[in-house]
Amino acid sequence: MKSKSRLTTAVICSVVLVLFLHVTLTSFVDRIRFSETITCDRSNVYDLCEINGPALLEPITTTFFSMDPTNLIMTPTSSFIKTRPYPRKMDKTAMSRVKELTLSSALPDVWCGVTHDSPAVVFSTGGYTGNFFHEFMDGFIPLYITFNSIFLNHHQDDVILVITDYKDWWSRKYEELLAHFSRHPIINMDNENLTHCFPSVIVGLISHGPMIINPKLLPHPKTLVDFQAILQNAYSQDPDEIPSSQRPRLVLVNRNAKVGRMIMNLEEVIKTAKEAGFDVTIFEPTQNTSLVESFKLIHASHAMLGVHGAALTNFLFLRPGSVLMQVVPIGTQWLSDTYFRNPARVLGLEYLEYKIKAEESSLAERYGANDTVLTNPKAFSRGNWKHMHVYLKTQNVKFDKVKLKRYLKNAYRKAKIFMDKES
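The text that follows walks through the structure, step by step, so that each part is easy to find.

Cut-offs and rules
Residues numbered from 1 in each chain as written. Predicted model: local features only at pLDDT ≥ 70, side-chain atom pairs only at ≥ 80, totals over all residues. Heavy atoms only, no water. Pairing = 2+ DSSP bridges. Helix = DSSP H or I, 4+ residues; strand = E, 2+ residues; numbered from the N terminus. Contact = heavy atoms within 4.5 Å. Axes fitted to C-alpha atoms, helices over the stretch in contact; angles between N-to-C directions. Patch = residues over 30% accessible without salt bridge, like charges linked within 9 Å, V, L, I, M, F, W, Y side chains within 5 Å. Areas by Shrake-Rupley, 256 points an atom, 1.4 Å probe, with all protein chains shown as cover. Salt bridge = Lys/Arg side-chain N within 4 Å of Asp/Glu carboxyl O. Lys, Arg positive; Asp, Glu negative; His and termini not counted. Charge placed at Lys NZ, Arg CZ, Asp CG, Glu CD. Buried < 20%, exposed > 50% of the residue type's maximum accessible area, 1.4 Å probe, protein only. Phe/Tyr/Trp six-rings, centres within 6.5 Å; stacked < 30°, edge-to-face > 60°. Lys NZ or Arg CZ within 6 Å of the ring centre and 35° of its normal. Arc of directions from axis to C-beta. Polar contact = N/O pair within 3.5 Å; in protein donor to acceptor, adjacent residues only side chain to side chain. Parallel < 35°, antiparallel > 145°, perpendicular 65-115°, else oblique. Nonpolar A, V, L, I, M, F, W, Y, C, P; charged D, E, K, R; others polar. Core = buried A, V, L, I, M, F, W, Y, C linked by side-chain atoms within 4.5 Å. Disulfide = S-S within 2.5 Å.

## A few points about the sheet that holds strand 8 (residues 120-124)
Right, on to step 1. Spatially, 1-2-12-8-9-10 is the arrangement adopted by the 6 strands of the open sheet, whose pairing is mixed. Only two strands of the sheet have a single partner each, and these edge strands are strand 1 (38-41) and strand 10 (187-188).
Right, on to step 2. Here strand 9 (residues 160-164) pairs with strand 10 via 2 bridges, running parallel. Directly across from Ile163, in strand 10, lies its bridge partner Asn188.
Right, on to step 3. Lying on the sheet, helix 3 (residues 132-150) is in contact with strand 2 (48-51), strand 8, strand 9 and strand 12 (201-203); it crosses strand 8 at an angle near 155 degrees.

## Some words on a positive patch on the surface
Right, on to step 1. Among the surface-exposed residues, Lys271, Lys401, Lys405 and Lys409 lie close enough to one another that they form a single positively charged patch.
Right, on to step 2. With respect to the helices, strands and loops of the structure, Lys401 is situated in helix 14 (residues 401-422).
Right, on to step 3. A relative accessible area of 44% places Lys401 in the partly exposed class.

## Description of the packing of aromatic side chains
Right, on to step 1. Tallied over the full model, the rule gives 22 aromatic pairs.
Right, on to step 2. Judged by centre distance (5.3 Å) and plane angle (75 degrees), the rings of Phe132 and Phe136 are edge-to-face. Note that Phe132 and Phe136 are positioned in helix 3 at a spacing of 4 residues, about one turn of the helix. Each member of the pair, Phe132 together with Phe136, is buried.
Right, on to step 3. Through pairs of rings, three or more aromatic residues link up here, namely Phe123, Phe132, Phe136, Phe140, Tyr144, Phe147, Phe151, Trp170, Tyr174, Phe181 and Phe227.
Right, on to step 4. Positioned above the aromatic ring of Tyr354 is the side chain of Lys403, whose terminal nitrogen or guanidinium carbon lies 4.3 Å from the ring centre.

## Some points on helix 8 (residues 291-299)
Right, on to step 1. Buried within helix 8 we find Leu291, Val292, Ser294, Phe295, Ile298 and His299. Along helix 8, the residues classed as buried sweep out an arc of 160 degrees about the axis, all on the same side.
Right, on to step 2. The N-cap of helix 8, judged by a side-chain oxygen 3.3 Å from the amide nitrogen of Val292 a few residues on, is Ser290.

## Quick word on the pattern of salt bridges
Side-chain pairs of opposite charge can arise where the charged atoms are in close proximity.
Right, on to step 1. Tallied over the entire structure, the rule returns 16 salt bridges.
Right, on to step 2. The closest approach of N and O atoms between Asp165 and Lys99, which form a salt bridge, is 3.4 Å. Pair noted here: Asp165 is in the loop between strand 9 and helix 4 (168-173) and Lys99 is in the loop between helix 2 (92-95) and strand 6 (101-104), with a separation of 66 residues, a long-range link.
Right, on to step 3. Look at Lys99 and you get partly exposed, because its relative accessible area is 36%.
Right, on to step 4. A salt bridge links Lys99 to Asp190, with the nearest nitrogen and oxygen atoms 3.4 Å apart. Placement of Lys99 in the loop between helix 2 and strand 6 and of Asp190 in the loop between strand 10 and strand 11 (196-198) is noted, with a sequence separation of 91 residues between them.
Right, on to step 5. Residues joined in a network through salt bridges with shared partners are Arg42, Asp47 and Lys89.

## Remarks on the side chain of Arg249
Right, on to step 1. Relative to the assigned elements, Arg249 resides in strand 13 (residues 249-253).
Right, on to step 2. No salt bridge is formed by the buried Arg249, whose closest oppositely charged neighbour, Glu422, lies at an N-O distance of 4.5 Å.
Right, on to step 3. A distance of 2.6 Å separates a polar atom in the side chain of Arg249 from the backbone oxygen of Ala300.
Right, on to step 4. Leave out the neighbours within four places in its chain, and Arg249 touches Ile242, Pro243, Ser244, Asp279, Ala300, Ser301, His302, Ala303 and Glu422.

## Focus on the packing of helix 3 against helix 6 (residues 224-235)
Right, on to step 1. Relative to each other, helix 3 and helix 6 sit at 95 degrees, their axes nearing to 11 Å. The orientation of helix 3 relative to helix 6 falls into the category roughly perpendicular. On the side of helix 3, the interface is formed by Phe136, Phe140, Ile141 and Tyr144, while helix 6 contributes Leu224, Asp226, Phe227, Ile230 and Leu231.
Right, on to step 2. The residue inventory of the contact of helix 3 with helix 6, partitioned by class, reads 8 nonpolar, no polar and 1 charged.

## Quick notes on the nonpolar core
Right, on to step 1. In terms of nonpolar packing, the biggest core is built from 67 residues, with Phe140, Tyr174, Phe227, Tyr235, Phe315 and Leu316 touching the most fellow members.
Right, on to step 2. The leading source of residues in this core is helix 3, at 10 residues.
Right, on to step 3. With residues up to four places along the chain from it excluded, the contact list for Tyr235 reads Lys173, Tyr174, Glu176, Leu177, Leu291, Val292, Phe295 and Phe317.

## Thoughts on the state of the cysteines
Right, on to step 1. For the structure on display, the rule yields 2 disulfides.
Right, on to step 2. A disulfide bridge connects Cys112 with Cys197, and the sulfur atoms are separated by 1.8 Å. Linking Cys112 and Cys197, the disulfide has an S-S dihedral of approximately -85 degrees and is accordingly described as left-handed. Of this pair, Cys112 sits in the loop between strand 6 and strand 7 (114-115) while Cys197 sits in strand 11, placing them 85 residues apart in sequence.
Right, on to step 3. Once the disulfide-bonded cysteines of the protein are ranked by sequence position, their pairing pattern turns out to be 1-2, 3-4.

Structure follows, in structure tokens:
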């Protein structure tokens, strides 16, 4: 009897073990099946998600469904991931302007309205789009990195751009540049009713950091120099036609009073630059300024001067060897170094910095020259971006004439060397 009882117990245990292994294995397979089909890397300042296989976009619900044949097998549960495809996920202000998208392993209840043979890259033109600097730092540079990270064995213009938080003016403004990323019409998710099917989908863009392309993080090393070549291909109408000049050409980037960091003695600066030996052109870009015309002006210049701000992003159009002069208002040193000085050096520009002193800042009149706002910006801002409003929005600059004259004389010398080399 005892032997029979032990046998029965062993059989029951075996059955339970088999059932347990079956359930565990089934659950494991479901997770692997999902993870193999839909993956999402959330370990960086961006989220990068992928449907590695056939996918369907249902634009009304902003959902991408995996159409992998293995999903036709009924599984105990379906899974989904939500993401916002903009590479500043720690920035609450920026991300509040980006729609949330869903990637799902559930079977969709709709069929393909339009079937594409090319993969899709999905990203947002929400966030800080509208600011020229951010349109490159958070948009086109990450887009370039993403293409050179993922589509190595694919014709890079044979990728479909699918955009949420779409802006008509943005696509018109960057028409020439967008054509270098895709030969296909852009799919505007916000104004689309048809479902679209793709062989695979990437959701999100890869960022290496502010105005950085890190060659060590790419399968085939690229830098900002390679990205600049894309800009030249997009905007140069005749790359060999740089007009001759007897004097170095200086582009002076001017900001208006509404956005802060305005040059209060602009006429004096122009006069001093001309006396130093420059031909001076005032450049006041707006959202509607033609990038073809901007490129033509700046690429042909020998030097560019401007107060720290978005319009200095036009330094990407300067030729190696030309001079970039950045005016650094009080409280903006880290921003100036990170966003313009460092990438300018990568591009082979002669970088010069003009640091505003307390007596050259409008903040001295408001707070007093000995106030912490001017003497210790780090202590005043304490890492709080809201406090930076004082430096970025309420500060204007007035150059010291003697200091400026000495500065521009050095800039002229470098620009003249560059001009003579090209002649």
